[in-house]
Structures are given as C-alpha cells and as structure tokens.
Amino acid sequence: MDKRTAIAKIKALAESGDTSGSNIEAVFARCYNAIKKTLDMTPFDEQLSAALSLSDGRMVQMQTGEGKTLAAVFAACAEALNGGGVHILTFNDYLAKRDYNWMKPVYDEMGVSVGYITESTDRVQRREQYKKQVVYLTAKEAGFDYLRDFVCFEPDDMVFPEELNLAIVDEADSILIDEARIPLVIAGDIAAQDSSDVAEVYEKLSGFEEDSEFEIDEESRNVYLTDEGADKAESIFSCNVYSSEGAPLLAKICACLKADAVLKEDKDYIVKDNSIILVDEFTGRAAAGRVFPGDLQAAVEAKHGLKITSRGRIMGNIALQYFARLYPKLAGMTGTAELAREEFEKLYGLSTDIIPTRLPCRRTDHPLEMYFDGAEKRRAVLTAIKEAAEIQRPVLVGTESIEESEELAEALRQNDISCAVLNAKNDEQEAAIIARAGEKGAVTISTNMAGRGVDIKLGGEDCRDKDFVTDAGGLLVLATSMRESSRITRQLRGRAGRQGDIGESRFFAALDDGLMTKFELKKLAGRHYPTQRISGAIQDKTLLKEADRVQRISEGDTFDERINLMKYTMIGEKHREQTFRRRKALLEGSYNSDQWQTHAPDMYEEAVKKFGENPLQEKQNLILAALLNEFWCDYLDYTAYLREGIHLTQVAGRNPAEEYNIACEEYYDSAADSIPERMAEKLGELLECDSIEEYEVQMPTRTYTYLLDDMAEEFKTKPLLLNIFDEEEPEPDKKTTPEKAPKEEKKGFFASLFGKKK
Ligand code: ADP
Ligand code: MG
C-alpha cells in the first residue's frame, strides 16, 4: 500500500471507529483517536506519513516544530502492541521527561506501558522502567546502563533489558553523527592511572617557545616538539623522549604544551567549582562528566593550579554509534537528515524519507555574509541585533563559543539592549529561556544547538503577541560563523519559520574565522582574496563560492574520518560483544564456567571435597566474571597502546588499519587462551583458604561513568594516518617518524614492533 492510501485508510478507520484490527493501519487509527481524545490535537497527515516511515525503520526528516514527538508515538505503539520493546532516545534528560509526561495519556489510552529514565533515576527504578514497553531516555543513559551491567557482580544489580529491539532516535544527526564517536566510559578503582607528576612536568615547561621549540598543527590542534624543543626537553628531564621509556614523558610534555598553547578557557572548557568541565564542540554546552583524554585532563588541571584528579582504570567503553547499532531495529528523526543521507545509509543502513512541511515555509534564508575580519563581522552582527531590538522583533543568535556569547552580551549591554544568554553555565534554565525566545523584544544568545528540541512560539509561549511579532517579521536567527557542517547552520536556521510562521535567517563569517584559516580559504580564493581591509560585506562572488567550498571540504573531511575510524573500531566492537555476552550469561546463570573441571581436574576434586560442589560452582562463576573484567581492562589498555603507535606502520609501507586489526585479533586470542591457566592459578589460591568466603573476588569498590572524546582525539593526533589509506607509497612524517623500521613479516608486524604488554 502506498503512503497516501495508507493515510487515507487510517483516517477512515479512525473516523468510523472500527479500529479493532492488529494491522498497522488499525493500530495507527486507534492511536489517532487516542491522541484526539487525550491531547485534544488532531494529528496531521505529515505526522502520519512520518510515523509510517519510522515504523518502516527509516530516517525521517521533519522540520523543527512540525511535531515529531507525536509521530514517534504511533510507531512506538505499533511496535509495542506487536510485542517488541521500544526505546525512544531523546536529545537530553529534560526532553525524556517532557516527552514522557506529554505523551503518557496517549499510551495509557492505548494500553501500552511507558516509562522514562534520567540521570537521577536510581538503579531500582531503572530496572522497573526498563520493563515498560516504551521507555524515553537518552542514548547516554541507556549506554551507561549497558556498561554498568558489565561491571556488576549481583544478578539483581543488572538493569538493562536482556534483548534490545527498536530504538527511535530523536534529533538523530546529533547522536548518530555529531556525537557518534564519543565513547561512554566506565571506570573502576581497581588500579589508578598515574598522572600525578603532570603538574611537575607542566612547571618545567614554562619557558618553551612556540615555533622554535614546539609547533602547533592547526588542523589536528596537536603540539609537536621541534628538534630544538626535543633537545631542551631531554636536558631538562635527562631522558631520551623518543625512546620507548621516554614515550610516557613525551605524551605528558605534549599534553602540557597543548593545554597551555591550544586549549582555551571558556571555549574548550570552563573552570567551575575548582574543576575542569569540557565544552562540547557541537552543542557548545558544558559536558559534565566528560574529560580530556590521556594526560590532557591533568595538564589542564595543572595549568589552573588545580588538584590533579585520578581516574582509575577504564573497565568498559562504547561509542554512541555502536551503542545505537546494538538495537536490531533502528529508526530516526531530525530536521536535518537530508544533508547526512549518505552517512545514515553507509553507517547505519538507514534510508532517508523527507517529509514536506505542512505549511509552506515562509522563512527567508539569506546567503552567507562574509566580512574582512572578526571585528567587521561583530559590527555587522551588532547592527543586525540593534535593528531588530528597535522594533522589538525577537532575535536568536547562535554563537560558536561561550566566550563569544559573553562578549556579545557585554557589547549589547553597552548598547542598552538586554538579552538572555543561554550557555553551559546556566543550562538548567536553558529550556525555559529558549521557549521564550519568540517573545516580543526578546534577544537570546545561544551556543550552537543549546535548547534543541524546545519549541519557539512567536509572541511567547502563550502566543500573546503573535500578531505584533509577525508584523515585525517573525523570529530573526543569526548565525555568527560557519560551522564544521552545514547541518549545524541549517539546524539553527530552522529555529525560525516554524509551522509556516514568518521568519528570517542571516549567516555571518569572517576571513579570519577558524574554519577559513584551517582550510586555507586564502589559497582556494587566490587573487580573489582581499589584500586590503574592506568595510561591510564582501561582494566578490568567487570568494563567496570558495567559502562555501570550505564548508564542504570540512564536511567531507569529518565524514571520511568517521568512515576510516570504523576500520579501527569494528574489531573492538566484536570482541566487546563476545566478552560482554559471556559475562552476562555467567551472572544470569544461563551459563556455568567449567574451567576448573576441564583444565584443573585434580585441584577441582580437592576443592569440591573441601567446599562442596554448589558453593564452589558459584565461586567459580564469580571468579571468571572478575577475570573477564580484568581481561577486558587489559585488552582496552593494549589496544589504546597500539593505536598510539599506529603512525609507525606507515614507515614500513603497511596498511595501518589492517595491521591494527591483526594485532587486536592476536592479542584477544592469546589472552583468551590464557584464561584456563589464570583460572587454575586462582583455584590454587582458593585452596589455600580455610573457608570459601575467605577468598575475596577482585571487584571494584566504586565505579564511575563519563563521556570521553578520546577516539576522536587519539586519531586526530595522526593526521597522516587518515590520508594514507589505500595509498601505495605513504609519505613518512618528519615529526613523528623515528628511524626507518626494517621490513618485517606482514602478519603480526605490529605486535612484533611493540611487543606485547603482559
Ligand atoms: P518537533 O519535535 O518536530 O520540533 P514537537 O513535537 O516539539 O516538534 O511539536 C512542536 C509543537 O507542535 C508543539 O507545541 C506541539 O504541541 C505542536 N503540535 C504537534 N502536533 C500537533 C497537531 N497535530 N496539532 C496541533 N499542534 C501540534
Ligand atoms: Mg523534537
């Protein structure tokens, strides 16, 4: 049945009240009536169309404000009534709770159980919530629960559903693309990572000069020592920084230099309550709990004279993109899917359906306005805001950083224009502020996508001054710079002109913007690049065209990066799944370890006599569960260590991804082979004990979770790596390449180069 026919049928069934069937049209018709009855809203055809696409496991593009929340309910109910569980993955906790409360009457009417989970939901409640047919929660909360289950030792502590089914991802491009690589991490206090001497290293580096002693790679934002710098470091620390013993020190040196010269307070992170809080580069919001990778966190702490925090040992991690892929069925919705169509297809096998807006869009989107420099640009932005403020037209300004937001707010204050600043520092009130951004005379300044998912109604939440604001031209959206991806700009523009409202968007950039210098607009534009100051917007068409190209290059780069990364991450995913599954089965009791019976039968006999068969089996399962944790910690350490050295493989003209995969596989197999032996050792220790309780199983006393942008970081440190795939003769990198390594046997080259960590 084509969509149009299906929609007509649904409405006809709903009208007639004959909705008892179990086919999708009948269920949708029931849902249609339930919505009318409980929420007093009549679903639009566009919402039914979106719902049908979602039910079909597709990515739906539906503009902001068109009513995606409602569309998801149809698909969720249909799946639930068909016997499958549904997780609706929301953009943040606030929206999980909001959408749950908002839609609960509909689910009640449909006889479908529904729940929600936020960061503050405790373990007992979580267990209960996960039993509901439909659960609203963020991918982050769900992913952390998945990880926490891997490190718990009581079956009753496990909360996550045994089998996943369908995930409907809201604001899908955020989770599936922008945040896709961000790993969720769980760490435990089983052996702390030692960054304690970073403060000392930081002190000693104070006199290092940029250019002569270290260089900054603009693109990767990483810092390298020059030859002169390396010599100086060697005399300060009396250690060869390029030797294998010197490697940890070199990492600390680079981290300290980077913390000092590259990372900026209020742009990359904020300092709050004596701790460092990262700022998410996409949302511009403080990412509580997220830390910089490796020694960098400690280095930034040292920079601000803070106490160096210890982070324990990483016991498990999963990138959001892989977490999403754990669901056998996936569907998504966002206002900007079209621009990422290929990526959704390639990474997730999701095809995209574009749902037209219900009413024609009446927003005027102006083309890019380019200015000579930041100062010119700020003047233009300020003028635009002033003009709007004079006629009390609401303005929403999207900035790139908290710093920029505050500067702009200050400039406005000096001009007697009051504004609301929506940023990482007051994210509690974020939703409330953004909801009021359409009020008469409102000036709202926000970083990238803060407040996503919250409706902006013209004339205020109650639409009191709708006519006034409409006459003034509706909401004006200003984007103050070009973003890594046009999707982000598009998302911002989409804030205006909702549901056929009038609106306008303007988009500013300057020649000295980060993106323009990073991708060398000057080179691209050639003689069209102005050599003298120009006041006002630059009109040169070629230059503007090249600036657009900068954005496409940036998009292509990040896309390729993500695809390439998968060549490194797939293998770990496979191993993780095997390990997690095995451990889960042990704890749930669906699988009993027979390691001792098979590999240490004599000791086993003796232990049965001493402790009894059942207690011994229980203990064996627990010990194996703990050993699998240890095994996995070692695996994560080892693979991180491998990736550190990946760039060296190019020296021997090898394909680093392939080498990496071989090395991981070898490590996994050999570590798995060692399990019987390690288990037997533990049985020996157990036999020494007088009672079975006396033997303590190694488990963490405390675990904690955080988000870590480490994959991205780690691979960004190898700019070359990303360019050499499938190339015959890679260019050796002067900065990172030591003496040319001899050619070796292909298999296991990597492992032989680095040796195996024991
Ligand atoms: P989106 O997630 O697509 O941005 P929302 O689901 O937040 O949009 O809905 C935006 C607004 O549209 C909400 O205020 C909601 O009440 C309203 N809305 C959605 N569907 C309907 C409908 N069928 N009839 C009337 N109002 C609707
Ligand atoms: Mg929404």
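This text follows the structure it describes.
Quick summary incoming for the structure in this document. (Residues numbered from 1 in each chain as written. Chains lettered and ligands numbered in written order. Predicted model: local features only at pLDDT ≥ 70, side-chain atom pairs only at ≥ 80, totals over all residues. Heavy atoms only, no water.)

### Section: the site of ligand 1
Then, in step 1: Around ligand 1, the surrounding shell holds 19 residues, and the nearest of these are Thr 42, Gln 47, Gly 65, Lys 68 and Thr 69.
Then, in step 2: At 2.9 Å, a side-chain N or O of Lys 68 approaches an oxygen atom of ligand 1.
Then, in step 3: Considered on its own, ligand 1 offers 570 Å² of accessible surface; in the complex 85% of this is hidden by protein.
Then, in step 4: At the level of elements, helix H4 (68-81) and helix H5 (93-110) are the ones that each hand at least two residues to the shell around ligand 1.
Then, in step 5: Ranked by residues supplied to the shell around ligand 1, first place goes to H4 with 3 residues.
Then, in step 6: In terms of residue class, the shell around ligand 1 is made up of 5 nonpolar, 8 polar and 6 charged. (Near = heavy atom within 4 Å. Polar contact = N/O pair within 3.5 Å; in protein donor to acceptor, adjacent residues only side chain to side chain. Areas by Shrake-Rupley, 256 points an atom, 1.4 Å probe, with all protein chains shown as cover. Helix = DSSP H or I, 4+ residues; strand = E, 2+ residues; numbered from the N terminus. Nonpolar A, V, L, I, M, F, W, Y, C, P; charged D, E, K, R; others polar.)

### A look at the sheet that holds strand S4 (residues 134-138)
Strands pair in a sheet through their backbones, by hydrogen bonds, and they do so in one of two ways: parallel or antiparallel.
Then, in step 1: Read from one edge of the open sheet, 7 strands run S3-S4-S2-S5-S13-S1-S14, paired in parallel fashion. Each edge of the sheet is formed by a strand with only one pairing partner; in this case those strands are strand S3 (114-116) and strand S14 (352-354). In this sheet, adjacent strand axes meet at a mean angle of 20 degrees when their direction is disregarded.
Then, in step 2: By the bridge criterion, 3 bridges tie strand S1 (residues 59-61) to S14 in an arrangement that is parallel. Counted as the bridge partner of Val 60 is Asp 353 from S14.
Then, in step 3: Seen against the sheet, helix H7 (residues 139-150) touches strand S2 (86-90) and S4 and runs at an angle of roughly 100 degrees to S4. (Pairing = 2+ DSSP bridges. Axes fitted to C-alpha atoms, helices over the stretch in contact; angles between N-to-C directions. Contact = heavy atoms within 4.5 Å.)

### Structural notes on the pairing of strand S17 (residues 395-399)
Then, in step 1: Taken across its 5 residues, S17 has 5 buried, putting it largely inside the fold.
Then, in step 2: Every second residue of S17 is oriented toward a common face, with Val 395, Val 397 and Thr 399 on one face and Leu 396 and Gly 398 on the other, all of them buried.
Then, in step 3: In terms of strand pairing, S17 meets strand S19 (residues 443-447) through 5 bridges, oriented parallel. Each bridged residue has a counterpart across the sheet, and for Gly 398 the counterpart in S19 is Ser 446. (Buried < 20%, exposed > 50% of the residue type's maximum accessible area, 1.4 Å probe, protein only.)

### As for helix H1 (residues 3-16)
Then, in step 1: Over its 14 residues, H1 runs 20 Å from end to end, which matches the ideal 20 Å to within 8%, given 1.5 Å per residue.
Then, in step 2: Turning to H1, its buried residues are Ala 6, Ile 7, Ile 10, Leu 13 and Ala 14. One side of H1 holds all its buried residues, which, seen down the axis, span an arc of 130 degrees. Opposite the buried face of H1, by more than 90 degrees, sit the exposed residues Arg 4, Glu 15 and Ser 16.
Then, in step 3: Packed against the buried residues of H1 are helix H2 (24-39) and helix H3 (45-55).
Then, in step 4: The backbone nitrogen of Arg 4 has a side-chain oxygen 3.3 Å away, supplied by the residue at the start of H1, namely Asp 2.
Then, in step 5: Trailing H1 by a residue or two, Gly 17 shows a phi angle of about 80 degrees, which is positive. (Expected span 1.5 Å × (residues − 1). Arc of directions from axis to C-beta.)

### Digging into the environment of Leu 95
Then, in step 1: With respect to the helices, strands and loops of the structure, Leu 95 is situated in helix H5.
Then, in step 2: Between the C-alpha atom of Leu 95 and that of Thr 138, which follows or precedes it by 43 residues, the distance is 8.7 Å.

### Here we look at helix H16 (residues 402-414)
Residues three or four positions apart in an α-helix share a direction because the helix packs 3.6 residues into each turn.
Then, in step 1: With 13 residues, H16 should cover 18 Å at 1.5 Å per step; its first-to-last C-alpha distance of 19 Å lies within 8% of that length.
Then, in step 2: Of the positions making up H16, those classed as buried are Ile 402, Glu 404, Ser 405, Leu 408, Ala 409, Ala 411 and Leu 412.
Then, in step 3: Elements in contact with the buried residues of H16: strand S9 (269-272), strand S10 (275-279), helix H15 (374-390), S17, strand S18 (420-422) and S19.

### What about the nonpolar core?
Then, in step 1: In terms of nonpolar packing, the biggest core is built from 87 residues, with Leu 176, Tyr 327 and Phe 344 touching the most fellow members.
Then, in step 2: Considering every element that reaches this core, the biggest residue donor is helix H25 (residues 613-644), with 14 residues.
Then, in step 3: The residue makeup of this core includes at least three contributed by each of domain 1 (3-190 + 320-354) and domain 4 (592-690).
Then, in step 4: Once residues within four sequence positions are removed from consideration, Tyr 327 is found in contact with His 87, Leu 89, Ala 142, Phe 160, Leu 164, Asn 165, Leu 166 and Ala 167.
Then, in step 5: With 48 residues, the next largest nonpolar core counts Ile 10, Phe 74, Val 114 and Leu 166 among its residues. (Core = buried A, V, L, I, M, F, W, Y, C linked by side-chain atoms within 4.5 Å. Domains from an automatic or database assignment.)

### With respect to the sheet that holds strand S6 (residues 183-188)
Then, in step 1: Ordered by their spatial adjacency, 3 strands build an open sheet running S12-S6-S22, and the pairing between neighbours is antiparallel. With one partner strand each, in any of the chains shown, strand S12 (313-319) and strand S22 (703-707) form the two edges of the open sheet. Within the sheet, the average angular offset between the axes of one strand and its neighbour, ignoring direction, is 20 degrees.
Then, in step 2: As defined by bridge partners, S6 adjoins S12 across 6 bridges and the pair is classed as antiparallel. Residue pairing across strands places Ala 187 opposite Ile 314, the latter belonging to S12.
Then, in step 3: Running at roughly 35 degrees to S6, H7 makes contact with S6, S12 and S22 of the sheet.

### Notes on the pattern of salt bridges
Then, in step 1: Taken as a whole and judged by the stated rule, the model has 40 salt bridges.
Then, in step 2: A salt bridge links Arg 393 to Glu 504, with the nearest nitrogen and oxygen atoms 3.0 Å apart. With Arg 393 in the loop between H15 and S17 and Glu 504 in strand S21 (residues 502-510), this residue pair connects regions lying 111 residues apart in the sequence.
Then, in step 3: The network of salt bridges with shared partners includes Glu 171, Asp 173, Asp 178, Arg 452 and Arg 487. (Salt bridge = Lys/Arg side-chain N within 4 Å of Asp/Glu carboxyl O.)

### Regarding the packing of aromatic side chains
Then, in step 1: Enumeration over the complete set of coordinates arrives at 16 aromatic pairs.
Then, in step 2: Between Phe 28 and Phe 74, the ring centres sit 5.3 Å apart and the planes meet at 55 degrees, which makes this aromatic pair tilted. Of the two residues, Phe 28 sits in helix H2 while Phe 74 sits in helix H4, which places them 46 residues apart along the sequence.
Then, in step 3: The class of Phe 28 is buried, set by a relative accessible area of 0%.
Then, in step 4: A ring pair is formed by Trp 632 and Tyr 635, whose centres lie 4.5 Å apart and whose planes are at 10 degrees; its orientation type is stacked. With a gap of 3 residues between them, Trp 632 and Tyr 635 both fall in helix H25, about one helical turn apart.
Then, in step 5: Owing to a relative accessible area of 1%, Trp 632 belongs among the buried residues under this scheme.
Then, in step 6: Here a set of aromatic residues connected by ring pairs shows up, and it is made of Tyr 130, Tyr 146, Phe 150, Phe 160, Phe 323, Tyr 327 and Phe 580.
Then, in step 7: Over the ring of Phe 44 we find Arg 358; its NZ or CZ atom is 3.8 Å from the centre of that ring.
Then, in step 8: The residue whose ring lies beneath Arg 583 is Phe 153, and the NZ or CZ to ring-centre distance is 4.8 Å. (Phe/Tyr/Trp six-rings, centres within 6.5 Å; stacked < 30°, edge-to-face > 60°. Lys NZ or Arg CZ within 6 Å of the ring centre and 35° of its normal.)

### Here's the deal with the environment of Ala 324
Then, in step 1: Mapping Ala 324 onto the fold places it in helix H13 (residues 320-325).
Then, in step 2: By relative accessible area, Ala 324 is classed as buried at 2%.
Then, in step 3: As a C-alpha pair, Ala 324 and Leu 176 span 148 residues in sequence and 7.6 Å in three-dimensional space.
Then, in step 4: Apart from residues no more than four positions distant in its own chain, Ala 324 is found in contact with Leu 176 and Leu 330.

Remember, this is a structural readout, not a statement about activity or role.
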